[in-house]
Number of protein chains: 4
Amino acid sequence: MFPIAPELQVAAWLNTARPLSLQQLRGKVVVIYAFQMLCPGCVSHGIPQARTIRAAFEEKDVAVLGLHSVFEHHAVMNRDALEAFVHEYRIGFPVAIDQPAAHGPIPLTMEAYQLRGTPTLIIIDRQGRLRLSHFGRAEDMQVGALIGQLVAESAAAQQVQCDDTACSIR
Amino acid sequence: MFPIAPELQVAAWLNTARPLSLQQLRGKVVVIYAFQMLCPGCVSHGIPQARTIRAAFEEKDVAVLGLHSVFEHHAVMNRDALEAFVHEYRIGFPVAIDQPAAHGPIPLTMEAYQLRGTPTLIIIDRQGRLRLSHFGRAEDMQVGALIGQLVAESAAAQQVQCDDTACSIR
Amino acid sequence: MFPIAPELQVAAWLNTARPLSLQQLRGKVVVIYAFQMLCPGCVSHGIPQARTIRAAFEEKDVAVLGLHSVFEHHAVMNRDALEAFVHEYRIGFPVAIDQPAAHGPIPLTMEAYQLRGTPTLIIIDRQGRLRLSHFGRAEDMQVGALIGQLVAESAAAQQVQCDDTACSIR
Amino acid sequence: MFPIAPELQVAAWLNTARPLSLQQLRGKVVVIYAFQMLCPGCVSHGIPQARTIRAAFEEKDVAVLGLHSVFEHHAVMNRDALEAFVHEYRIGFPVAIDQPAAHGPIPLTMEAYQLRGTPTLIIIDRQGRLRLSHFGRAEDMQVGALIGQLVAESAAAQQVQCDDTACSIR
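Predicted model, so just to flag it, every value in this text is computed and none were measured.

Could you give an account of the confidence of the model for chain A, naming the residues involved and the relevant values?
Averaged over every residue, the pLDDT of chain A is 93; the share at 70 or more is 90%. Across the predicted assembly, pTM comes out at 0.90 and ipTM at 0.88.

Describe the relation of the copies chain D and chain A, and please don't skip the residues or the numbers.
For the match of chain D to chain A, the screw axis carries a shift of 0.0 Å, the RMSD comes to 0.0 Å, and the turn is 180 degrees. These values place the two chain copies in the arrangement generated by a two-fold rotation axis. The fraction of interface residues of chain D whose copies in chain A are also interface residues reaches 100%, indicating that both copies meet through the same surface.

Mind laying out the pattern of salt bridges, listing which residues take part and the relevant values?
Opposite charge on two side chains makes pairing possible when the charged atoms of those side chains draw close. For the structure on display, the rule yields 28 salt bridges over all chains. Its salt-bridge partner being D61 of chain C, residue R126 of chain C comes within 3.1 Å of it at the nearest N-O pair. Of this pair, R126 of chain C sits in the loop between strand 5 (120-124) and strand 6 (130-135) while D61 of chain C sits in the loop between helix 2 (40-56) and strand 3 (62-68); the two residues are 65 residues apart in sequence, bridging distant segments of the chain. Residue R126 of chain C shares its accessibility class with D61 of chain C, and that shared class is buried. Salt bridges sharing common partners tie together D125, R129, R131 and E153 of chain A.

Could you give an account of the interface of chain B and chain A, naming the residues involved and the relevant values?
Listed as interface residues are 15 residues of chain B and, on the opposing side, 15 residues of chain A. Counting across the chain B and chain A interface gives 0 salt bridges. Put simply, chain B and chain A have 2 residue pairs in polar contact (both at pLDDT 80 or more) between them. Listing elements by their share of the side of chain B that touches chain A, those giving two or more residues are helix 2 (40-56) and helix 5 (140-152) of chain B. If one sorts the elements of the side of chain B that touches chain A by residue count, helix 5 of chain B sits on top with 9 residues. Considering only residue class, the side of chain B that touches chain A consists of 8 nonpolar, 6 polar and 1 charged.

Rules behind the numbers
- Residues numbered from 1 in each chain as written.
- Chains lettered and ligands numbered in written order.
- Predicted model: local features only at pLDDT ≥ 70, side-chain atom pairs only at ≥ 80, totals over all residues.
- Heavy atoms only, no water.
- pLDDT = per-residue confidence, 0-100.
- Least-squares fit on C-alpha atoms with pLDDT ≥ 70 in both.
- Contact = heavy atoms within 4.5 Å.
- Salt bridge = Lys/Arg side-chain N within 4 Å of Asp/Glu carboxyl O.
- Helix = DSSP H or I, 4+ residues; strand = E, 2+ residues; numbered from the N terminus.
- Buried < 20%, exposed > 50% of the residue type's maximum accessible area, 1.4 Å probe, protein only.
- Polar contact = N/O pair within 3.5 Å; in protein donor to acceptor, adjacent residues only side chain to side chain.
- Nonpolar A, V, L, I, M, F, W, Y, C, P; charged D, E, K, R; others polar.

This is the structure we're talking about:
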């Protein structure tokens, strides 16, 4: 019923010692906030909400990732600029730089998820299924409700274990 | 592990054709906002959050009730004044007037729940168990997370059906 | 060019040892916030803005008064209820109870100023002239700008001195 | 009593066809918001307040300028990045790029005004005198009050006319 979320395609990571993947986060609820550092709605709403989510849930249940999906002003929203931004805004969670396309302005993960723009809130359940892709402002109460519900699906999720080739029921 | 929430003791109801009880709401998550109409934190935070909860969840899953627990200024926070307040603030969900005590200022439901004051957010799960009693400001994200989790406990809750005399597993 | 503001007609005063009048406040800028204790916009916006004005200007330059102009729910917005409200909301500036009319719901000062409703922000200059009557939400920046301008008119105002019978230029 | 504000030292201007100077703005109240595009408080508070000031006062009375005073992360807060920022945040008023120093990170206007950091709100009266230099958050009511007062000083200001060599009283 819900599609499996496509794997992230990442040029580089900030705030994490080693690269992350949805595959290895399977079993947790994964929250991905797609943003651009010069996008006003990302700065006023998206980043603060990502931080609120990080504070409200435990790391063992919920992973929170930023995804810097640059589709305009590429020259000035480069890695150095993003590092300054992450430092100034005291962003503590891992941030992935969406892999630029060989041709055209839309980076690869943004394309795979068919995002309309930034900020977009993506929520993936414990079984790796895409449960929400919301462009624009989302209310805390409703975001909390969905993540809370997905966290509570743990019993069912633990019955299903997936590896690279298949999912099996224990 | 979680105690069964004590039944409400109510002098009168507003916004509902007939009296409600926790007993008859068993099976739903029940959110009760204890407030006083002249309590600043209730007006600025509690009532708006109750309204946000009402909008974020479906009536079939979550009941939202106000509980007017007057423990000071009794003469002016009477039923007529509350009706004007409910009208002016366009409160649409049912509101219970907490039963005054025969002696002393603390009404009976407030006493039974040992509330510290108003606003207090009370959350009861589908099986009638008290899961939260939070005095003061609560963040939308965390409130949403808890209610979302409790809504998701439906499968288990539906296996247990309670009536006046007993609970049985189907 | 600007009309002289009509005198206040007051049934009773709270938060002041003796009655006030515009006549005796001549020489100061006078800010009057007309409100009703059960008016949501008054509680969320008007009262806080009155408090902000009180904090931003000196008492020697600017007087801040509340005016409780009840035109609905008269029975429950009585003096006892207002006293509880003023206590709970920690209102420190003087509050006048607008004199009820012999006939009809509109009190006398509200009628004299032809107010459309509450909250209404009334601003009177140092010479007693009505400079603003604004119904609904007013932005802090613009309110500050007007009061700041009127405070700065002191030099001119000091040249004109008014008593009960006449105004003279020194 | 109030010192004459030092002239701006500017590497380049955005949003204006030709360079501006305090000298040529003499006779208006001048509001300068010193900011950095990657400074969180500038983005959440300073830029919106500058926009609110611009909307609250007339151009004939009050000039509003941005001053991009970069003292950290110089490489990524360059002119191209600032242009993207100004575009994305829809900043409509003129923005000066503070002249970098030959040695050291502090640009020249920032140094001349001895700014502690960003955001800093600078307000200059109609006679070119420095009346406020406020680092950090400033309340709208108080900012409006000061600018309103300075706008009202017009009569006095019009008596004094300054050119490049001198000020004379008409």
